[in-house]
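Summary of structural features
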Amino acid sequence: MEHSANNIADLVTGIVLLLLIAAVTTIISKRVDKLPLTILLVFVGIAISTFGHDVPGLSLLSEFHLTPELVLFVFIPTLIFESAFNLDARQVSRNIWPILTLAIPGLLISTCIIGLIFSVFTDFDLMVALLLGAILSATDPVAVIAIFKQLGVPERLTILVEGESLFNDATSLVLATILIGLLTAGSFSSDVLVSGTGEFLFVFAGGVAVGWILALLTGYTLGRIESDPGIEITLTTILAYFSFIIAEHVFHVSGIMAVVAAGVTIGSWGKTKISPSTSEFMEHFWEYLAFVANVLIFLMVGLQIDLLVLWDSIDLIALVVVAMLISRALVIFTVVPLMGRLPGAEPIGVPFQLVMYWGGLRGAIALAIVLALPPFDYKDTLISLVMGAVLFTLVVQGLSIEKLVKFLGLDALSLSDSLTKLEGDKNAREQGLERLNALVSGGLFSQRIADNLREKCEKNLLELSAEIKTLNSTMSPAEMAKILAMRCLAREKARFYELFSRGLINEWAYRELDHTVAVQIDEVRHRSLMPTVKIEKSIGKVVFESIINLFETVGVRSLAERLSTSSIIRDYEVAWGRYRAANSVLHGMDAIAGEGDIDAATTEEIRQVYEDILSASKSHIDEVAEQYPEFVETVQEQLGQRLLLVAEHESVEHAAEMGMIAEGIAQKILKEQASRIRQLKQDNMSACFEIEVTEILKKVPMFQGVGEKEHALIGGYLRSRTVPRGKAIIRQGNAGDSIFLIARGIANVEIADGETINHVATLYAGDFFGESALLHGTPRNATAIAATPCSLYELKRHDLDRICEQYPKIRQTVEEVDRERLSSNTTTGYHNTDQ
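Reference entry: report on the structure contained in this document. (Residues numbered from 1 in each chain as written. Predicted model: local features only at pLDDT ≥ 70, side-chain atom pairs only at ≥ 80, totals over all residues. Heavy atoms only, no water.)

As a further point, take the side chain of T78. Mapping T78 onto the fold places it in helix α3 (residues 68-86). There is a polar contact of 2.5 Å between the side chain of T78 and the side chain of Y241. Those residues within four positions of T78 in sequence are excluded, and the remaining contacts are Y241, W286, L289, A290 and A293. (Helix = DSSP H or I, 4+ residues; strand = E, 2+ residues; numbered from the N terminus. Polar contact = N/O pair within 3.5 Å; in protein donor to acceptor, adjacent residues only side chain to side chain. Contact = heavy atoms within 4.5 Å.)

Here's what the structure looks like:
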């Protein structure tokens, strides 16, 4: 027991010492700008392993070894999850093909090239050489990404480098595992190749599936938690480690891909599930965990390196380095340009290719794989080779990548970024001047010192204004419009988050609006297009609509109806949020444009764009209000209650911070408020869309001869349907055996004549359509689209036949309308239109 306690004490002491050394090294690194932290940590680790044996305290660190279990089960889940969590999922999806090409075919090509070169020039067996190639093909650009952030390189370059690393780590580990199996079996054949390929695909895709499913479960759990940072952060920590463990040990698939999928899912879709009050805290938490993991892992890499052992293998290490550089060059400068020639692909320029080539550092994953190799004749040699290769990339490539980036001009600010920087500096100095004036007016501050500071500040402001004016004179109207559009979209994005964080729009609406702004920012940045009225469909929206269509197809009408109703509610919140954000942009347009920074004509052009957005959003809101006044009234009541609760919540928190309310009492009040907010979220809004059958029967002409007593009988045959704005109710050419009655809403009837779409009718509440296909057994000859959200009733042919047996006049009315429409359509040139 005493021995065990001593081991625990030594372990804790060692970890604290490592953290202390890392902290001191970090401070030194910030003072020595030319030496990245990760590389400096490796140097410190080497120094401790070489000279620290006789230093009290440091000798304890010699017992710390970088084991594969430590890397894979402690450090890697943290590092990969944090990186995936902070990746821009949209930018990854834009560049997914070059990333996957580099991560899978590119890594396989690199493995073969390194293996062939090493086997040709040494006595190593080809299979062992291929294993070395697989291990050294995994990139680890931690040091490079840190330099990128410091220099402000283009976002796409960062995404390409970091995205490749995330995916090829998994590929390398899976491929190395397969090659180890082949080495152990001692045989290789075409059957083994086929089975190995199948296993690779299963392990890779299986890891993605496991991580995605676990992230969905975690996200839905997070959505039920109200502002509890401890629980929310704990759940994401569990997700990072459990996704790796469950994938590796339960399903025997790629744990790294599981963590990547989990991190990307929670970092995109799942961010709206995290309480706004927890979001910033969570980002800092994962940033700190990644920092700790990085500093420990690079320190321990340095502790692991024995320079004398590496020197004994210097010739083989030199060959490995040459093979790595050749393989990386062939992959980057042949595969990447070929990808850029594919239809719809966005080419990657030569400067980006050069940085991707030289920035392909090796690190923790390569070391973890080689250390985890089972005992065999070449293991010690492979460890030395990998250690040497990792050290070379960190020292030589890591120390020179910054110079390469600057030489290629990738750190240079664009015109828009330069203008933003100058304006930010100007605004900061103006605020400083205001604070100085307030300080002087408060008394007890030297007027002489204040005048000197004011003179310097005003001089700097004049210089900044002159620089801004000069920069503006070099920009074309199109560049000015692009800059102003980007600023307006950034204002919209901030406004959306504010509405969401205050509970004024739900997570679905926020996700759709944020996606729309992200898409339009890309359009402005890459294609110089202006913001538009259009709400872009996110993947979630597409999946949601597909589920509704699936339920309608298989006959699960009740569930499809509930989802359709919720779609109208969500679309209303989207329109309301867009309206509020556009209104905010218009009110602040002059401030956004700056004092004379953007010319009046450009400002007016963008102002008109947002006037159109405001008008379209208001039109959508008014349509819903006109058709469903009960719903809008309920929404406004809920909105008022939310605003009151938010104000109460902020007031109680402020009072607690000021010590005006005891902490225990404040927590009790906040808990009650959270309960009321949850209750508001659970209120069923679908009831606002329910319409009495008698209401529709009184409006439809063919039922006007039926007494109110029979309405209940007829109503039993009618099936309610709710259709969101813009969705097709029936489509031209489809089979049809039912007629639709409009209870509320407006529908447009269109006919496709070749590539031309002709509008032939507008139908309102009380109208019906679809009778032609029902009466004549022909396909639908027109398409009916919901111009506004619509509440409909559907009547099947067999149900209509039953009703007509008792009320023959109804069939006569339907047939008369059908004849009138056929006659009207024949006159206009559209035959047998199914309205």
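Read on, since the account is not over.
Attention now moves to the packing of aromatic side chains. Counted under the stated rule, the structure contains 15 aromatic pairs. An angle of 10° between the planes, with centres 4.7 Å apart, marks the rings of F500 and Y510 as stacked. Taken together, the positions of F500 in helix α21 (residues 477-501) and Y510 in helix α22 (residues 507-527) put the pair 10 residues apart, joining distant regions of the chain. Assigned by exposure class, F500 and Y510 land together as buried. Among the aromatic residues, ring-to-ring pairing joins F81, F85, F285 and W286 into one connected group. A cation over a ring is seen here: K271 above F85, with NZ or CZ 5.0 Å from the ring centre. (Phe/Tyr/Trp six-rings, centres within 6.5 Å; stacked < 30°, edge-to-face > 60°. Buried < 20%, exposed > 50% of the residue type's maximum accessible area, 1.4 Å probe, protein only. Lys NZ or Arg CZ within 6 Å of the ring centre and 35° of its normal.)

Let us look at the sheet that holds strand β7 (residues 783-786). One open sheet accounts for 4 strands, arranged β2-β7-β4-β5; its pairing is antiparallel. Taken across any chain shown, the strands that pair with only one partner, and hence form the sheet edges, are β2 (728-730) and β5 (756-763). Strand-to-strand, the axes of this sheet are offset by a mean angle of 35°, without reference to chain direction. Inspection of the sheet shows strand β4 (residues 747-753) paired to β5 by 7 bridges, in the antiparallel sense. Bridged to I751 within β5 is N758. (Pairing = 2+ DSSP bridges. Axes fitted to C-alpha atoms, helices over the stretch in contact; angles between N-to-C directions.)

For the rest of this paragraph, the subject is the sheet that holds strand β8 (residues 790-796). Strand pairing within a sheet occurs via backbone hydrogen bonds; the two strands may be parallel or antiparallel. Judged by pairing direction, the sheet is antiparallel, and its 4 strands sit side by side in the order β1-β8-β3-β6 without closing on themselves. Both edges of this open sheet fall to β1 (719-723) and β6 (768-769), since each of them pairs with a single strand only. Across 2 bridges, the pairing between strand β3 (residues 738-744) and β6 is antiparallel. By the bridge assignment for β6, F740 is matched with F769. Set on the sheet, helix α32 (residues 797-806) makes contact with β1 and β8; between it and β8 the angle comes to about 75°.

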